[in-house]
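Each chain, written out:
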Amino acid sequence: MALGTIWLLTVVVDNETRTSALNDLNSIFLLVVAIEVLWALGYTLWPKKRPTLSPLVDVHANATSGQQ
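Computed from a prediction, not measured in an experiment: that's the story for all the values here.

K.L.:
What should I look at first to understand the packing of helix H1 (residues 2-13) against helix H2 (residues 20-45) in this one?
P.N.:
Relative placement of two packed helices is described by the angle separating their axes and the distance separating the axes. Taken N-terminus to C-terminus, the directions of H1 and H2 make an angle of 160°; their axes are 10 Å apart at the nearest point. Classified by the angle their axes make, H1 and H2 are roughly antiparallel. You can see that H1 and H2 cross each other, and the crossing is left-handed. Residues Ala-2, Leu-3, Ile-6, Leu-9 and Thr-10 of H1 touch H2, and the partners they reach there are Leu-22, Asn-23, Leu-25, Asn-26, Phe-29 and Leu-30.

Rendered as structure tokens:
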């Protein structure tokens, strides 16, 4: 969204000397987008594993003891 806004501002102003600071930000925003894509790809390929319950914990014992 921010990258698109900066691009739109540079197109509207259409003056290289006035938009040089905005153009310098493009590389930073492209780096951020690349990191976000790699992060999403990483979670797609290697999703987090759900925590497993310990065999020592009896889940049903807590649910049935309150129903007496």
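K.L.:
Looking at this model, I keep getting lost on a nonpolar patch on the surface. Mind explaining?
P.N.:
Among the surface-exposed residues, Trp-7, Leu-8, Val-11 and Val-12 lie close enough to one another that they form a single nonpolar patch of about 440 Å² accessible area. Mapping Val-11 onto the fold places it in helix H1. Residue classification places Val-11 among the partly exposed positions, given a relative accessible area of 42%.

K.L.:
Help me understand the packing of aromatic side chains, please; the structure alone is not making it clear to me.
P.N.:
When we look at a pair of aromatic rings, we describe it by the centre distance and by the angle of the planes. One pass over the full model with this rule turns up one aromatic pair. Relative to Tyr-43, the ring of Trp-39 lies with its centre 6.4 Å away and its plane at 20°, an arrangement referred to as stacked. Of this pair, Trp-39 and Tyr-43 both sit in helix H2, four residues apart, which is roughly one turn of the helix. The partly exposed category is assigned to Tyr-43, whose relative accessible area is 41%.

Scoring rules and cut-offs
- Residues numbered from 1 in each chain as written.
- Predicted model: local features only at pLDDT ≥ 70, side-chain atom pairs only at ≥ 80, totals over all residues.
- Heavy atoms only, no water.
- Axes fitted to C-alpha atoms, helices over the stretch in contact; angles between N-to-C directions.
- Helix = DSSP H or I, 4+ residues; strand = E, 2+ residues; numbered from the N terminus.
- Parallel < 35°, antiparallel > 145°, perpendicular 65-115°, else oblique.
- Left-handed = near helix turned anticlockwise from the far one by under 90°.
- Contact = heavy atoms within 4.5 Å.
- Patch = residues over 30% accessible without salt bridge, like charges linked within 9 Å, V, L, I, M, F, W, Y side chains within 5 Å.
- Areas by Shrake-Rupley, 256 points an atom, 1.4 Å probe, with all protein chains shown as cover.
- Salt bridge = Lys/Arg side-chain N within 4 Å of Asp/Glu carboxyl O.
- Buried < 20%, exposed > 50% of the residue type's maximum accessible area, 1.4 Å probe, protein only.
- Phe/Tyr/Trp six-rings, centres within 6.5 Å; stacked < 30°, edge-to-face > 60°.

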